[in-house]
Amino acid sequence: MSDELSMKCGLEIHVQVDTNSKLFCMCPTNYKDVEPNTNVCPVCMGHPGAKPMPPNKEAIDVAIMVAKMLDCEMVYDKDIYFQRKHYNYPDLPSGYQKTSVPIGVKGNFLGVEITEVHLEEDPGQYKPDLGTVDYNRSGTPLVEIVTEPDMKSPEEAREFLRQLMRLFRYIGHLRGEGTMRADTNISINYNGIQGKRVEVKNVNSIKGVFKVLKYEIIRQKNVLRRGGEIKMETRAFMEAQMITKSMRSKETADDYRHIPDPDIQPIVLDTNWVDVVKERMPETPIDKEKRFVEEYGIKEDDAKVLVSDLELADVFEKVVSHFGADAKSIALSVTWIRNELKRVLTYNKVDFVDSGLTTEQIVELIESIANKTISQKIGKKIIELMVENKGAKSPKQIIEEEGLTVVGDDSEIEQFCEEAIKNSAVAVEDYKSGNSKALNSIVGQVMKLTRGRAEPGKVVKILKSKLD
Ligand SMILES: [Zn+2]
């Protein structure tokens, strides 16, 4: 019997918002740079009777940006209140975490449905091995993104998270992967047997999520293969061993007893507020894609690829504005950025922003191709070299150092043609006796002699004039 296996993965992703002060008090959020338990006050220490301040507006603004960028429907004109989510753990002095109801819902990012975006507070840091707790982090704002279980492989989940972190960098005001924690849900279907959903809590890197999914597929498959059952449960990721371990099963699942926090004024969003935030934020990927199609007349598919890397999309626009937005320049920019540059970046597993390349270098390269200083073939080689030496050399430097300029001079090409004819006696005879295909091998010779720097069309013309 052949094995049939499929999986579904959903994520709950938490990332810190980069505000100066905490979500419900004025304590600073630079918890990493200071002595333990120095950025604290009665509010973030959960002292009885301490009244939280209204939620930090900057944190709400950033959550709005995230929801908009993920194409969510905003929750307008309704009380967005903070709830108390009760559980007992040493890092949570109040005994409950303050977490908002959704700010945005029903979004979509890379084909994965976004269930909701909301805000919550980070707990402190408990070190079980030392028995110490540091409350500096307690109350730092977190934005949480919940997805539907739409990801179907560990690779897809990894790519989703990479793109999400890239989007966060682009938005700014967020602390990115270094502060990420992702609750990772996975269920599998093995030969028609459906396992229940297993949740792995607090995985703190993209690589970790990938490893968890890989591990859980094998573990759950083995349980089902032996006739066992996958029950709904929560597991912990033991990073050092790269395994997961059961924490609690459904029977003993936590009841968080959510209640609205009576001490915190609900947020009410209206279109004015969101419009003001929109002024501060970069264009959403969806809007950018539409605009690229309308403004530059490029194909939807090309727009999608360009916009999938927002920094690359910026490069595209800068290059187009440099050359002027006529159809020919746009087509050239699409070819060299969307196809060639993107191909080489993907091959080297690097984003444009980390590649060391600059927009000016891309302009220079496309210019050299447009004015025929170099051939298309050489252009491809130069992009590879540029990415390889991380932008340390400009295209012009590479062209000079490697002697890659096009042999444009007819008399120069003529010399190479003559040499090729001399070296290809058999092919020349073939050609002269009527085998027109034999010319290809002589053209090949010329290209070899010029190291690909001659224009093939010109070479054919000159060879024909000499042999016909
Ligand atoms: Zn405080």
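Bear in mind the structure is a predicted one, so any value in this text is a computation, not a measurement.

Enquirer: Tell me about the pairing of strand S13 (residues 233-238), and please be specific about residues and values.
Expert: Counting buried positions over the six residues of S13 gives five, a clear majority of the element. One ladder, built from four bridges, connects strand S12 (residues 198-203) with S13; its direction is parallel. By the bridge assignment for S13, Val198 is matched with Glu233. Handedness of the β-α-β unit built from S12, helix H3 (residues 206-225) and S13 comes out left-handed.

Enquirer: Which residues make up the packing of helix H8 (residues 327-347) against helix H10 (residues 376-388), and what values do they have?
Expert: Relative orientation of the contacting elements H8 and H10 amounts to 45°, with a least axis distance of 9 Å. As the angle between them shows, H8 and H10 are arranged oblique. As for how H8 packs across H10, the hand of that crossing is right-handed. Contacts between H8 and H10 involve Trp336, Glu340, Leu341, Arg343, Val344 and Leu345 from the first element and Gln376, Gly379, Lys380, Ile383, Glu384 and Val387 from the second. Per-class residue counts for the contact of H8 with H10 are six nonpolar, two polar and four charged.

Enquirer: Please give an account of the coordination of the zinc ion that cites residues and values.
Expert: Ligation of the zinc ion by protein atoms is provided by Cys25 (SG), Cys27 (SG), Cys41 (SG) and Cys44 (SG), these donors lying 2.3 to 2.4 Å from the ion. Taken together, the four donor atoms coordinating the zinc ion and their angles of 102 to 115° define a geometry best described as tetrahedral. Within one chain, the residues donating to the zinc ion are spaced in sequence as C-x1-C-x13-C-x2-C. Placement of Cys27 in the loop between strand S1 (5-16) and helix H1 (57-69) and of Cys44 in the loop between S1 and H1 is noted, with a sequence separation of 17 residues between them. Residue classification places Cys44 among the buried positions, given a relative accessible area of 5%.

Enquirer: A description of the domain arrangement of the chain should follow, citing residues and the corresponding values.
Expert: It is common to give the size of an interface as the accessible area that goes away when the parts come together. Segmentation of the chain into domains returns domain 1 (5-273), domain 2 (283-402) and domain 3 (410-467). One C-alpha centre belongs to domain 1, the other to domain 2, and the line joining them spans 36 Å. With both chains or domains summed, domain 1 and domain 2 bury close to 890 Å², and 51% of this area falls on carbon and sulfur atoms. In terms of surface lost to domain 2, no three residues of domain 1 exceed Arg166, Arg169 and Tyr170, which account for 63% of the buried area on that side. Linking domain 1 with domain 2 are two salt bridges, by the criterion used here. In this structure, Arg169 and Asp351 form a salt bridge, with 3.4 Å as the shortest nitrogen-oxygen distance. Inspection of the region where domain 1 meets domain 2 yields four residue pairs in polar contact (both at pLDDT 80 or more). Put simply, the parts of the chain that give the side of domain 1 that touches domain 2 at least two residues each are H1 and helix H2 (154-171). With five residues, H2 is the largest single contributor of residues to the side of domain 1 that touches domain 2. Each residue belonging to the side of domain 1 that touches domain 2 can be placed in one class, and the counts come to three nonpolar, one polar and four charged.

Enquirer: Tell me about the nonpolar core, and please be specific about residues and values.
Expert: Core analysis: the biggest nonpolar cluster contains 107 residues, and Ile13, Val66, Leu70, Phe316, Ile337 and Ile362 have the highest contact counts within it. When we break this core down by domain, the ones giving at least three residues each are domain 1 (5-273) and domain 2 (283-402). Those residues within four positions of Leu70 in sequence are excluded, and the remaining contacts are Gly107, Asn108, Phe109, Ile114, Val117, Ile145, Leu164 and Leu167. Within the second largest apolar cluster, 20 residues are counted, among which are Val428, Ala438, Ile442 and Ala454.

Enquirer: How would you sum up the packing of aromatic side chains? Please name residues and give values.
Expert: Scanning all chains against the criterion turns up seven aromatic pairs. Ring centres 5.4 Å apart and planes at 70° place the aromatic pair Phe292 and Tyr296 in the edge-to-face group. Residue Phe292 and its partner Tyr296 are located together in helix H5 (residues 285-296), separated by four residues, close to a single helical turn. Taking the relative accessible area as the measure of exposure, Phe292 reaches 0% and is therefore buried. Since its relative accessible area comes to 11%, Tyr296 is described here as buried. With a centroid separation of 5.4 Å and an interplanar angle of 45°, the aromatic rings of Phe292 and Phe316 are classed as tilted. Taken as a pair, Phe292 in helix H5 and Phe316 in helix H7 (residues 310-323) lie far apart in primary sequence, 24 residues in all. The two residues Phe292 and Phe316 agree in class, both being buried. The ring of Tyr256 has Lys85 sitting right over it, with the charged end atom 4.5 Å from the ring centre. Here the guanidinium or amino end of Arg158 rests over the ring plane of Phe210, the centre of that ring lying 4.0 Å away.

Analysis parameters
- Residues numbered from 1 in each chain as written.
- Predicted model: local features only at pLDDT ≥ 70, side-chain atom pairs only at ≥ 80, totals over all residues.
- Heavy atoms only, no water.
- Buried < 20%, exposed > 50% of the residue type's maximum accessible area, 1.4 Å probe, protein only.
- Helix = DSSP H or I, 4+ residues; strand = E, 2+ residues; numbered from the N terminus.
- Pairing = 2+ DSSP bridges.
- Right-handed = clockwise from strand over helix to strand, strands pointing away.
- Axes fitted to C-alpha atoms, helices over the stretch in contact; angles between N-to-C directions.
- Parallel < 35°, antiparallel > 145°, perpendicular 65-115°, else oblique.
- Left-handed = near helix turned anticlockwise from the far one by under 90°.
- Contact = heavy atoms within 4.5 Å.
- Nonpolar A, V, L, I, M, F, W, Y, C, P; charged D, E, K, R; others polar.
- Donors = N, O, S within 2.8 Å, 3.2 Å for Na, K, Ca; no water.
- Tetrahedral: all angles 85-135°; square planar, octahedral: opposite > 155°, others 65-115°.
- Domains from an automatic or database assignment.
- Buried area = accessible area lost by both parts, 1.4 Å probe.
- Salt bridge = Lys/Arg side-chain N within 4 Å of Asp/Glu carboxyl O.
- Polar contact = N/O pair within 3.5 Å; in protein donor to acceptor, adjacent residues only side chain to side chain.
- Core = buried A, V, L, I, M, F, W, Y, C linked by side-chain atoms within 4.5 Å.
- Phe/Tyr/Trp six-rings, centres within 6.5 Å; stacked < 30°, edge-to-face > 60°.
- Lys NZ or Arg CZ within 6 Å of the ring centre and 35° of its normal.

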